[in-house]
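# Chains, contacts and geometry: an overview
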Amino acid sequence: MKTFTSRRARAAVVALAAGSLALTACSENTGSTGSGKDSKKDQKEAAAQSKAVVYADAAASTGPAEEVPGAKPGGTINVYQEAGLSHLDPGQIYVSDAGQVANLLFRGLTNFEEDGKGNVSVVGDLATDSGKSSDDGKTWTFTLKDGVKDENGKEITSADVRHTIERTYSEFIFDGPNYVQTWLSGADYKKKLPDGGFGDKHLPDDVLETPDDKTVVFHFDKPRPDLPQTLAMPGYTLVPEETDTKEKYDKAPVSTGPYKIAEYKVGKSLKLVKNDQWDPNSDSVRHQYVDGFDMQFGVTESTQTKRLISDQGDAKNSIQLTGSVEATQIQDVVGDAAVNKRTIQGFQPYVQVLNFNLDRVKNKVVRDAITYAVNSKSLIAGEGGAYGGDVAPNLFAPTLPGYEADYDPYGRLKTPQGNIAEAEKLLKDVPAEEKKLVFAYANSEAGQKRKVAIEDALTKVGFEVVAKEIDAASYYEQIGKLDNPYDIYISGWGQDWPSAATVVTPVYDGSLVSDGAPNYSHIKDPKVQELIDKAVTQEPTEAAKTWQEAHRYILEEVNPAAPLWYTKQFQLYGSNIGGARYSTESSYIDVTRLFLKS
């Protein structure tokens, strides 16, 4: 999943997915210690805490969710966010900000559940359990719970689930995940159902079957053990067929979760109120303690931090959605025990990279020179230093199974401030026209800091940097266009579930290069393709070696993106907020369990 510029198991566990792991990056924070003080220790803990994700049975999938200690009903939580939401149409959601909101509004066949102690499971959400596999994992069957309704009081049926999957084949859906579609219909899946199921044509029964109102059956040509985790992504949450307004749905989606939209002013505010059609007895994950959420966009991280440190008035009832404590105010937080107690901290799964548009930056020597020149130390300082991130020597995060801490082909760990001499050496014979680079950046506080750091580092070694500002809310949409006018741009990617397949495939698979796809470098390499095709057919232990080989080849032989830093989360909330904890699954504050203390 894109970083914004990726639960509780109380009953017997069944059907462990082969090789599926979950990062248990951080349990509930008490405020007594500070993440980021020891980066090596942080990374070891991130790797050591990987545990198997379990697929839970019907008992674990039955509501209501376990009560949060001390929880009280009532009141409204204020939410601070700098940029507006990228999307609200579930099929378009692939960025963490909208993913947070999605867990309040939408439900899918499955969902993740966590216990705050590092244990993560997949439970049935709209489905009675996490799914039943047959035919050696090539067929998956889900049965819908009784009486689950959307905000209009219409009961959800298998036809709605079929519609939710089929509509992702539509041309107007361009920014969400495509795992299920490609598994069902191949890389050119959009050609298989160009109208997205809105007409008379549907996917054949030997691909997607709905034999009755309660049953959904997926048929694949090879085992797909990760399907229950995939369907738990916000991008596969339900869109009721009867009320789908296609392109317009992005601004006024229909809720199936505990909250619904009362008012949405795009880029300015979003007000959520209780959805009276949501039944807690059918939901083992979410709560509906507060009356609503008032989300304010356009609030910079520095303003968010100042308000929350002061803890005055409405700030007492406020949280950060995907923002973090602003870098220059970190010491004001960690230096005050009362304020530091109101933080959640943890290692995120994201790797921030500087993408090269391979359609424009064709000379690998130039790409290598940039990779040596970039200053990770300066970039991380803008994120909050050790509290904001660590130097990334490669494209795999410490949270990912198979991570190699010492794999550092460009010497990022030895020269985090940039290797000027090596960059200048490589550029010695490069023509001047190839040293002019158009750099796209988001018009946020963080984006401005990143712009300064990139310009400074590249100018030092002889590049001419032309910086182009992009609206933060549409940043990923703009750099995701194949015909974009930019040479380089920063992006962040984290595993959709803890498998290298969810990093290498979506970001570096040449068959998935298209508008809106996360292959931001437009890499199309036969060797990479060969290794991906090989890995997806192997057992997890075998596949891990192939993914490692692909990783090394991509970074050393192609170099489509310069690794910059691994991100950490450090968020602050008001003193009247109850139930706050770090979510392993979202890598932000867990919005499903919040309440107001008074």
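All of these numbers come straight from a predicted model, not from anything done at the bench.

### Some points on the overall build of the protein
Check the secondary structure of the protein and you find 16 helices and 23 strands. The globule rule puts the C-alpha radius of gyration for 598 residues at 25 Å, and the 23 Å found for the protein is close to it. On the principal axes, the C-alpha backbone points of the protein span a range of 70 × 55 × 40 Å. Each of the 598 residues in the protein was classed as buried or not, and the buried ones make up 62%.

### Details of the sheet that holds strand S19 (residues 464–470)
Spatial strand order, S17-S21-S16-S20-S18-S19: six strands in an open sheet with mixed pairing. Looking along the sheet, the strands with just one partner apiece sit at the ends: strand S17 (389–391) and S19. Direction aside, neighbouring strands of the sheet carry axes that sit 30° apart on average. Note that S17 and strand S21 (residues 561–572) share three bridges and pair antiparallel. Residue pairing in the sheet places Asp390 in a bridge with Tyr566 of S21.

### Considering the pairing of strand S5 (residues 76–81)
Buried residues dominate S5, accounting for five of its six residues. With six bridges connecting them, S5 and strand S14 (residues 292–297) associate as parallel partners. If you follow Asn78 over to S14, its bridge partner there is Asp294. Where S5 lies against strand S15 (residues 318–320), three bridges are found, and the strand directions are parallel. The partner of Asn78 across the bridge, within S15, is Ser318.

### Quick word on the nonpolar core
By size, the foremost hydrophobic cluster in this structure holds 110 residues, and its most contacted members are Phe218, Leu227, Leu354, Ile370, Ile454, Leu458 and Phe463. Ile77, Val79, Leu105 and Phe106 belong to the second largest nonpolar core, which has 30 residues in total.

### What to know about the sheet that holds strand S12 (residues 259–265)
A sheet is described by the order of its strands in space; here five strands give the open sequence S12-S13-S14-S5-S15, paired in mixed fashion. In the strand order of this sheet, the two ends are held by S12 and S15, each with one partner. The average angle at which neighbouring strand axes cross in this sheet is 20°, direction not considered. Here S12 runs beside strand S13 (residues 269–274); their pairing, made up of six bridges, is antiparallel. Opposite Ile261, over in S13, you have Leu272 as the bridge partner. Each of S5, S12, S13 and S14 touches helix H2 (residues 96–105); the most contacted strand, S12, lies at about 135° to it.

### Observations regarding the environment of Ala405
Topologically, Ala405 is positioned in the loop between S17 and helix H11 (420–426). Placed twelve residues apart in sequence, Ala405 and Pro393 show a C-alpha to C-alpha distance of 7.8 Å. Ignoring sequence-local partners within four residues, the contact set of Ala405 consists of Pro393 and Leu413.

### Let's talk about the packing of aromatic side chains
A complete count under the given rule lists 17 aromatic pairs for this structure. The interplanar angle of 20° and the centroid separation of 6.3 Å between the aromatic rings of Phe439 and Tyr441 together place this pair among those described as stacked. Of the two residues, Phe439 and Tyr441, neither departs from the other in class, the shared state being buried. Cluster of aromatic residues (ring-pair linked, three or more members): Tyr55, Trp140, Phe142, Tyr179, Trp183, Phe218 and Phe220. Of note, Arg167 hangs over the ring of Tyr249, and the distance from its end group to the ring centre comes to 5.4 Å. A cation over a ring is seen here: Lys451 above Tyr441, with NZ or CZ 5.7 Å from the ring centre.

### Some thoughts on the pattern of salt bridges
Counted according to the given criterion, the structure contains 22 salt bridges. A salt bridge links Asp89 to Arg167; its shortest N-O distance comes to 2.8 Å. On the criterion of sequence distance, the pair formed by Asp89 in the loop between S5 and H2 and Arg167 in the loop between helix H3 (158–166) and helix H4 (179–185) is long-range, its members being 78 residues apart. Each member of the pair, Asp89 together with Arg167, is buried.

Procedures and definitions
Residues numbered from 1 in each chain as written. Predicted model: local features only at pLDDT ≥ 70, side-chain atom pairs only at ≥ 80, totals over all residues. Heavy atoms only, no water. Helix = DSSP H or I, 4+ residues; strand = E, 2+ residues; numbered from the N terminus. Rg over C-alpha atoms; globule rule 2.2 N^0.38 Å. Buried < 20%, exposed > 50% of the residue type's maximum accessible area, 1.4 Å probe, protein only. Pairing = 2+ DSSP bridges. Axes fitted to C-alpha atoms, helices over the stretch in contact; angles between N-to-C directions. Core = buried A, V, L, I, M, F, W, Y, C linked by side-chain atoms within 4.5 Å. Contact = heavy atoms within 4.5 Å. Phe/Tyr/Trp six-rings, centres within 6.5 Å; stacked < 30°, edge-to-face > 60°. Lys NZ or Arg CZ within 6 Å of the ring centre and 35° of its normal. Salt bridge = Lys/Arg side-chain N within 4 Å of Asp/Glu carboxyl O.

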